[in-house]
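# Structure assessment
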Amino acid sequence: FDPSPEDIMNDVKYCLDILEKAIVFEEEGMAFFQDRAQNAPSSLERNLFNSLAKDEAGHKAHLIKMRDDILRENSLEVLPDVSDDHIMNVRSIFDKALDGANDPYEFELEELEILNGAMDVERRGYHMYAKAAEEVESPKAKEVFSHLAAEEQNHFALLKNTYDYMADPEGFDGFDGNAMLDGG
């Protein structure tokens, strides 16, 4: 089916609204992770939160460019093609963070709470992008929002594995790349 000009304009407006919210969301996530990195009691968390803050900064720059391109052209056709090349390898980030880590038995309950808060940030981002992907008509916009949801999913898996490792280092049976956000 060919979308009407009205559908296209509604999509443009909807995408711009989502992108504005997403930019603010990524800024908040960046600030959250930078703060946690500065105050992290362990190198594992410092490495992890610095990596996530850097990712959020990249997302924000990407979102701003998309918003500005859409505003300039008044069209969703300017949205970038999505490639999976830049989806981070969460297992390698986890392994790198672990390599530089202190004794896992020295972690405190408060640190697990901080990781829980970080997982909540990623869960909210995932739901925002997944909902946008469902509601927008443009196939290109659907693809972009689905991709962003997948990025948040990756961050969640990274944090969940770190949480599981810290909560029970002896019982941790390896990185689970399928830690899912569903039901959150």
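Criteria and thresholds
What you see as residue numbers is a count from 1 along each chain, following the sequence as written. Predicted model: local features are reported for residues with pLDDT of at least 70 only, side-chain atom pairs are reported and counted for 80 or more only, and whole-chain, interface and lining totals are derived from all residues. In computing side-chain properties, one takes all heavy atoms of the structure into account and sets aside hydrogens as well as water. The way it works is that DSSP assigns letters per residue, a run of H or I at least four long becomes a helix, a run of E at least two long becomes a strand, and they are numbered from the N terminus. Exposed residues in this analysis have more than 50% of their type's maximum accessible area, buried residues have under 20%, and partly exposed residues fall in between, with area computed by a 1.4 Å probe over protein chains only. For the purposes of this section, nonpolar cores are sets of buried Ala, Val, Leu, Ile, Met, Phe, Trp, Tyr and Cys residues that join through side-chain atoms within 4.5 Å. Contact between two residues is taken to exist if any of their heavy atoms lie within 4.5 Å; hydrogens are not considered. Stacked, tilted and edge-to-face are the three classes assigned to paired rings of Phe, Tyr and Trp, where Trp is represented by its six-membered ring and a pair needs centres within 6.5 Å; plane angles under 30 degrees give stacked, over 60 edge-to-face, the rest tilted.

### Observations regarding the environment of Gly-117
Note on placement: Gly-117 falls in helix α4 (residues 109-135). For Gly-117, a relative accessible area of 27% puts it in the partly exposed group. Sequence-wise, Gly-117 and Phe-32 are 85 residues apart; in three dimensions their C-alpha atoms are separated by 9.4 Å.

### Remarks on the nonpolar core
If you look at the biggest cluster of nonpolar residues, it comprises 43 residues, and the most contacted ones within it are Phe-49, Leu-63, Ile-70, Tyr-129, Phe-145 and Leu-159. Elements that contribute at least two residues to this core include exactly α1 (5-39), α2 (43-73), α4 and α5 (139-167). It is α1 that contributes the most residues to this core, eleven residues altogether. In this view, Tyr-129 contacts Ala-22, Glu-26, Leu-63, Phe-145, Leu-148, Ala-149 and Glu-152; residues no more than four positions away in its chain are not counted.

### Considerations on unusual backbone geometry
The backbone of Asn-74 shows a phi angle near 55°, a positive value even though the residue is not glycine. Along the chain, Asn-74 falls in the loop between α2 and α3 (90-99). You can call Asn-74 partly exposed: its relative accessible area is 42%.

### Things to note about the packing of aromatic side chains
Summed over the entire model, instances satisfying the criterion amount to three aromatic pairs. Ring centres of Phe-32 and Phe-33 lie 5.3 Å apart, and the angle between their planes is 80°; this geometry places the pair in the edge-to-face category. Judged by centre distance (5.5 Å) and plane angle (80°), the ring pair of Tyr-165 and Phe-172 falls under edge-to-face. An aromatic cluster of at least three residues, connected via ring pairs, comprises Phe-32, Phe-33 and Phe-49.

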